[in-house]
Amino acid sequence: MFGSTASPAALLDLLGDPVLTLRPDLTALRANPAARDWLGADAAEGWRLLRQAAGSRLDTWLRQAGHAIDTHRPPPPAPPLKLADGRRATLHLLRERPGWLLHARLSPAAETADAAGPDAPPLHEWLALSPLPALLADAADGTLLCRNAAFDALCAAPPRRLADLPERLQALLGWQQGAPLPALAAQQPQDAPLVTEAEFAGPQGRPRWLQARLRLWRQPGGTRLLAVLDDQTAPHERDLAHQQLDALMDTAAIGLATFQPEAGWQTAHRRGSPFKAGSRQPVGSLQGINRDIVEPASVPEFERLQRALKTGDAAEVRYAVRHPELGRRWLLTRVAPGVLAGGQRSTSVVTLDVTAQAQAENALQLRAESERTVLDSVLVGIVTVGPHGIEWMNRSARRMFGCELADVQGRPMGVLAPDDAGHPFHAAPGADVFECRLRGRDGREFWVIGNAVQTPREDGAGPASWQLTYALLDIDRRRQAEAQRRVAQASLARIIEAAPLAISLHDAATLNIERLNQAAVALAGRPEAALLGHGPAALFGDAQAERARADMREARESLAVVQREYHLGGADAGTRIWDARFLHLAGGGGTPEQVLVVASDVTEQRAAEEARLQAAIAQRELLVREVHHRIKNNLQGVAGLLQQIAARRPEVAPVLKDAVGQVQAIAQVYGLQVGAAGPLQLKRVFDAIVGAVQRTQGRVITTAAEGGALMDDWCLPEAEAIPIALSLNQLLGNALRHSNEAQVRCQLICDAAGVVVEIVNPGRLPDGFVLQSVKSGVSGLGLVRALLPRRSAILSLEQQGGDVVCRLELLPPSVVHNPPTKPSS
């Protein structure tokens, strides 16, 4: 086993010789313990005094050795340094970008500098002390010159050559067919080490994920291969576990988020959630949800949720929001604090869209209230009895027994019956209809006919959650009740017949029409006699018959309202839109007996909605075009003012010239957006920016384009248009500024993978120029690096002969492939 926590600084601290890390200006940045023992506790000051005492010869050697190393030549030997205590110091300089490593070999006065071995760097000792597997090999024939014990633990037998190692380990060390890999052979001293990774199973058979850092060390006597291996098994497995966890959470139909108080929102998974989860929201702000869309009645609950998020307390809150597209939605958010494996506090937030559940609860409550309202209006006495006695009585029952619900609530039904052991209210109820004598709370006795139905309660399950519903009818008033029922049925029939909605009743088994009103006859366009006894095809037409049958069956099986829209065409009129709703009507025993169909003509309503939508879209597009046009004019006015100031103030003209170019680039983008819908065509942005730069700089840029029809397909998203336009403006301005009035060429290359903008100007890059070392800023290449997207834009600067070639590669999503739609013939 070997760890992965060792660092170069830790390795240097293990060396017995002094080692200094030098800055590019050769001042001391860091010293290992041996160097501090040699130069004093303040090693930087000790190194400065040593250079001062050694005179110009030490500084001259440092400069000459550094130049030789950078030009791939062997450095000259260091001048001998004799210390005050009689010892001699032999120095070796190594490149460690961006600075240097200085190794000092201290020897007694009796030893010479040559005995210290200037050509024998301390790599052997460094390898022996390293806890990581490491080796030094001859790059010519693969002979192992040195290896440490940690590397031997990876091999079944001590190897002598790289060819003796397993093929997987050879490939990891950059060795193939008796020679270094091409990428390793082409390595230069200023290049970063070559990093390779592979899975390897050692002698114990346990697979591990190894990472190798490889460097070629060229000396006058030959080329050496230095390799250091690191066990990345734990990070690799952790990354795989994170990927699997992210994939699992992304497939959940709920909103998930993880929050750490020190770092903000860490992960957000929003699959199935109607609200977007942004990244890095401030503490106490639920992702995608703000106070503005919370309905006023739910504000107290939402504030309680915010307090829980701030304090990290557990909470479960349900609240209503008004979504701009989805309308009123109910959300349930659970906040659960926890502790990560590293001891950090975290808060897991789960948000569920419980709109359907809330709507179902509201519908259930409304239905219960509606049912009780209806039951209150009937002349049959209804009494509901639960496990603890009487729970509810309708108005007829209260009038029948001469009492209020509070008088008998929670008491058994026996209090309403005479003292008779065989009375149905004293015995277990049966399923048959019974007749019995009852006694009201006012002492009046009367006969009723009724039955009892045992049903499950809506607030629970199990034997204790059943309830009995008694339906009692005063026999003395039976005739009057029957007469009133007939009147009510006749009134309902008249209402159905006169209703402007198309209403029909269908047999639940065959779906044939049993009854329909005149509006339904008008919908079918056929006489009523030709419709009765026929299937849905007679009402909806042959083209919609199968669909109507499926909707009726769905309503029959689901026992819920099914709503559909049908487009029906008549012989003497155009297509009409009918909103149809299907509802099952249950018969005895809960078996559906009929299907009720209620349909209404919503053609004019849908046409009005479509007209309002199109008008709103047209108004918005007009407003956007006007805003973009005004922004362009304002920006061009600002650019004109800056140009006037530059003409009056020559001392600030260069700075204002750059600002004018940037403002003109932004104005060009807004000018292209006038009259455009969606992403901007990249070719148009390219041409506009090149033209603006030419006008601003007073220079001509040679342009070319490759890609054929693909040039019209690649577009810039609205969010990326201005940053990329500013970057292109800055790169063209830099090329003109550094070309010494020579011709600048700019080429746009489009292919199926992305877009490349190549800018070529005569000139030379500074020695040792590294683009990655340029920090983000507000001007020059720093501005370009700050504006370009990190993952989908690649910027490079290369010296090709006497030209500097700048390549800007744009990949999705910085650019989108949006081929123009062809007009329909």
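Here, the structure is the one placed above.
Values in this document were obtained by computation on a predicted structure and should not be read as measured data. (Residues numbered from 1 in each chain as written. Predicted model: local features only at pLDDT ≥ 70, side-chain atom pairs only at ≥ 80, totals over all residues. Heavy atoms only, no water.)

### A few points about the packing of aromatic side chains
For the structure shown, the criterion picks out 4 aromatic pairs. Centroid distance Phe 302 to Tyr 319: 5.5 Å. Interplanar angle 70°. Geometry classified as edge-to-face. Of this pair, Phe 302 sits in helix 10 (residues 299-311) while Tyr 319 is found in strand 15 (residues 315-323), placing the two residues 17 residues apart along the sequence. Neither residue differs from the other here; Phe 302 and Tyr 319 are each classed as buried. Taking 6.4 Å as the distance between ring centres and 45° as the angle between the ring planes, the aromatic pair formed by Phe 540 and Phe 582 counts as tilted. (Phe/Tyr/Trp six-rings, centres within 6.5 Å; stacked < 30°, edge-to-face > 60°. Helix = DSSP H or I, 4+ residues; strand = E, 2+ residues; numbered from the N terminus. Buried < 20%, exposed > 50% of the residue type's maximum accessible area, 1.4 Å probe, protein only.)

### Remarks on the sheet that holds strand 30 (residues 714-716)
Read across the sheet, 3 strands follow the order 28-30-35 without closing on themselves; strand pairing throughout is antiparallel. Of all the strands in the sheet, the pair left with one neighbour each is strand 28 (680-681) and strand 35 (816-817). Note: strand 28 against strand 30, 2 bridges, orientation antiparallel. Looking at strand 30, one finds that Leu 680 is bridged to Leu 716. (Pairing = 2+ DSSP bridges.)

### Remarks on the pairing of strand 23 (residues 502-507)
The two faces of a sheet get side chains in turn, since along a regular strand they alternate between them. Within strand 23, 5 of the 6 residues are buried, which leaves the element mostly enclosed by the surrounding structure. Bridge count for strand 23 against strand 24 (residues 513-516) is 3 bridges, and the pairing is antiparallel. Paired with Ser 504 across the bridge in strand 24 is Leu 516. Between strand 23 and strand 24, which pair antiparallel in sequence order, lie 5 residues; one of them, Leu 511, sits at a positive phi of approximately 65°.

### Observations concerning helix 4 (residues 56-70)
Spanning 15 residues, helix 4 covers 21 Å between terminal C-alpha atoms, matching the ideal 21 Å at 1.5 Å per step. For helix 4, every residue scored as buried is listed here: Leu 58, Asp 59, Trp 61, Leu 62, Ala 65, Gly 66, Ala 68 and Ile 69. Tucked inside the fold, the buried residues of helix 4 contact helix 3 (43-54), strand 4 (88-96) and strand 5 (99-107). Phi turns positive, to about 65°, at His 72, one or two residues after helix 4. (Expected span 1.5 Å × (residues − 1). Contact = heavy atoms within 4.5 Å.)

### Some thoughts on the side chain of Ser 792
Within the secondary structure layout, Ser 792 lies in the loop between helix 22 (780-787) and strand 33 (793-800). The class for Ser 792 is buried, based on a relative accessible area of 7%. A polar side-chain atom of Ser 792 sits 2.4 Å from a polar atom in the side chain of Ser 814. Each residue touching Ser 792, except ones within four places of it in the same chain, is listed here: Glu 809, Leu 810, Leu 811, Pro 812, Pro 813 and Ser 814. (Polar contact = N/O pair within 3.5 Å; in protein donor to acceptor, adjacent residues only side chain to side chain.)

### Here's the deal with the nonpolar core
One broad trend across soluble globular proteins is that nonpolar side chains are buried collectively. Judged by nonpolar contacts, the single largest core of 38 residues is most densely connected at Ile 701, Leu 731, Leu 732, Val 757, Ile 759 and Leu 795. Elements with a minimum of two residues in this core: helix 20 (682-697), strand 30, helix 21 (718-737), strand 31 (744-750), strand 32 (755-762), helix 22, strand 33 and strand 34 (803-810). Per-element tally for this core: the top contributor is helix 21, with 8 residues. (Core = buried A, V, L, I, M, F, W, Y, C linked by side-chain atoms within 4.5 Å.)

### Examining the packing of helix 21 against helix 22
Following both chains from N to C, one finds helix 21 and helix 22 inclined at 160°, their axes separated by 9 Å at the closest point. Relative to helix 22, the element helix 21 lies roughly antiparallel. Seen along the crossing, helix 21 lies across helix 22 with a hand that is left-handed. Each of Pro 723, Leu 726, Ser 727, Gln 730, Leu 731 and Asn 734 in helix 21 lies in contact with helix 22, whose residues at this interface are Gly 780, Leu 781, Leu 783, Val 784 and Leu 787. Partitioned by chemical class, the residues of the contact of helix 21 with helix 22 number 7 nonpolar, 4 polar and no charged. (Axes fitted to C-alpha atoms, helices over the stretch in contact; angles between N-to-C directions. Parallel < 35°, antiparallel > 145°, perpendicular 65-115°, else oblique. Left-handed = near helix turned anticlockwise from the far one by under 90°. Nonpolar A, V, L, I, M, F, W, Y, C, P; charged D, E, K, R; others polar.)

### Re unusual backbone geometry
Note that the residue after Pro 812, namely Pro 813, is joined by a cis bond; omega there is 10°. We note that Leu 511 has phi near 65°; this positive angle belongs to a residue other than glycine. Tracing the backbone shows Leu 511 in the loop between strand 23 and strand 24. Owing to a relative accessible area of 2%, Leu 511 belongs among the buried residues under this scheme.

### As for the environment of Gln 799
Along the chain, the position of Gln 799 falls in strand 33. On the basis of relative accessible area, Gln 799 is assigned to the partly exposed category, the value being 28%. Sequence separation of Gln 799 and Leu 765 is 34 residues, and the distance between their C-alpha atoms is 6.6 Å. Ignoring sequence-local partners within four residues, the contact set of Gln 799 consists of Gly 763, Arg 764, Leu 765 and Val 804. From its side chain, Gln 799 meets the backbone oxygen of Gly 763 in a polar contact 3.0 Å long. Among the polar contacts made by the side chain of Gln 799, one reaches the main-chain carbonyl oxygen of Asp 803 at a distance of 3.1 Å.

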